[in-house]
Amino acid sequence: MQLGAEEFEGFLGEMWLGVHEGAFLFEFPGGSILYTTEGTERHGPWPLDECSRCLLTWFDHGWINAFVLSDQLHRWAPDEDALWPDPSDETARLVEPGRARAILAAPQTWTNDSAEGFVVLNPADHAPGSGFRQLWLDAVSPQ
């Protein structure tokens with residue numbers, strides 16, 4: 001599925017919101033539904049390969065972290081060496097960067113049946129702030 005220019009801009013905005021809201025990976029491709037007084041407005045679903053490309057771009061810029069919430073740790077092997085203690089939240093675990101990149105590059109694993117699907121993304125401490133939303137979007141836009 002190829003996204004048109006207007007659709008692509010909406011897609012990028014939805015991806016940006018997902019990262020800033022701490023969405024699970026399995027939620028990104030499904031898009032979202034906006035409820036208004038006039039009814040509902042559907043955004044997405046989005047192509048898996050575009051979701052992956054977008055998130056990998058931001059990850060490669062060092063703008064996003066991948067982590068696992070404490071209530072999802074049971075999905076991972078107890079001795080999983082790809083999960084590191086999160087210094088900002090002692091109950092969560094950061095996904096080791098190599099493993100995180102591999103997960104972002106394999107969107108077919110982002111299901112609600114898999115541990116990878118329950119990985120959460122958030123902006124890294126040194127990422128451009130939400131006031132620089134356009135910088136995030138421009139990083140993924142085709143030249």
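Just above sits the structure.
Residues numbered from 1 in each chain as written. Predicted model: local features only at pLDDT ≥ 70, side-chain atom pairs only at ≥ 80, totals over all residues. Heavy atoms only, no water.

A.B. asks: What should I look at first to understand helix α3 (residues 97–104) in this one?
C.D. replies: Note: α-helices contain 3.6 residues per turn, so residues at a spacing of three or four share the same orientation. Along α3, the positions that sit buried rather than exposed are Ala 100, Ile 103 and Leu 104. An end-on view of α3 places all buried positions within 95° of arc, on one side of the element. Structurally, α3 contributes buried residues whose contacts are with α2 (48–60), β3 (64–68), β5 (89–95) and β6 (120–123). (Buried < 20%, exposed > 50% of the residue type's maximum accessible area, 1.4 Å probe, protein only. Helix = DSSP H or I, 4+ residues; strand = E, 2+ residues; numbered from the N terminus. Arc of directions from axis to C-beta. Contact = heavy atoms within 4.5 Å.)

A.B. asks: Quick question: what am I supposed to make of the sheet that holds β6 here?
C.D. replies: In any sheet, the strands associate via hydrogen bonds between backbone groups, in a parallel or an antiparallel arrangement. With antiparallel pairing, 4 strands are arranged side by side in an open sheet as β4-β5-β3-β6. Each end of this open sheet is capped by a strand with a single partner; those strands are β4 (83–86) and β6. The mean angle between the axes of side-by-side strands here comes to 45°, regardless of whether they run parallel or antiparallel. (Pairing = 2+ DSSP bridges. Axes fitted to C-alpha atoms, helices over the stretch in contact; angles between N-to-C directions.)

A.B. asks: What is the right way to read unusual backbone geometry from this model?
C.D. replies: Peptide bonds are mostly trans, and most non-glycine residues show a negative phi. Gly 44 connects to Pro 45 through a cis peptide bond whose omega is 5°. Tracing the sequence through the fold places Pro 45 in the loop between β2 (39–43) and α2.

A.B. asks: Even after reading the chapter, I still don't get the packing of α2 against helix α4 (residues 133–140), so can you show me in this structure?
C.D. replies: If you want to describe how two helices pack, look at the angle between their axes and the distance between the axes. Taken N-terminus to C-terminus, the directions of α2 and α4 make an angle of 115°; their axes are 9 Å apart at the nearest point. Seen from above, α2 lies across α4 with right-handed handedness. Mapping the contact onto sequence places Arg 53, Cys 54, Thr 57 and Trp 58 in α2 and Trp 136, Ala 139 and Val 140 in α4. Taken together, the residues of the contact of α2 with α4 break down into 5 nonpolar, 1 polar and 1 charged. (Left-handed = near helix turned anticlockwise from the far one by under 90°. Nonpolar A, V, L, I, M, F, W, Y, C, P; charged D, E, K, R; others polar.)

A.B. asks: Quick question: what am I supposed to make of the packing of aromatic side chains here?
C.D. replies: To describe a pair of aromatic rings, one takes the distance between the centres and the angle between the planes. On inspection of all chains with the given rule, the structure shows 6 aromatic pairs. Between Trp 58 and Trp 136 the ring centres are 5.3 Å apart and the planes differ by 80°, which places this aromatic pair in the edge-to-face class. Taken together, the residues span a long stretch of sequence, with Trp 58 in helix α2 and Trp 136 in helix α4 at a distance of 78 residues. Summarising the burial analysis for this pair, Trp 58 and Trp 136 share the class buried. Residue placement shows Arg 75 over the ring face of Phe 118; its charged tip is 3.7 Å from the ring centre. (Phe/Tyr/Trp six-rings, centres within 6.5 Å; stacked < 30°, edge-to-face > 60°. Lys NZ or Arg CZ within 6 Å of the ring centre and 35° of its normal.)

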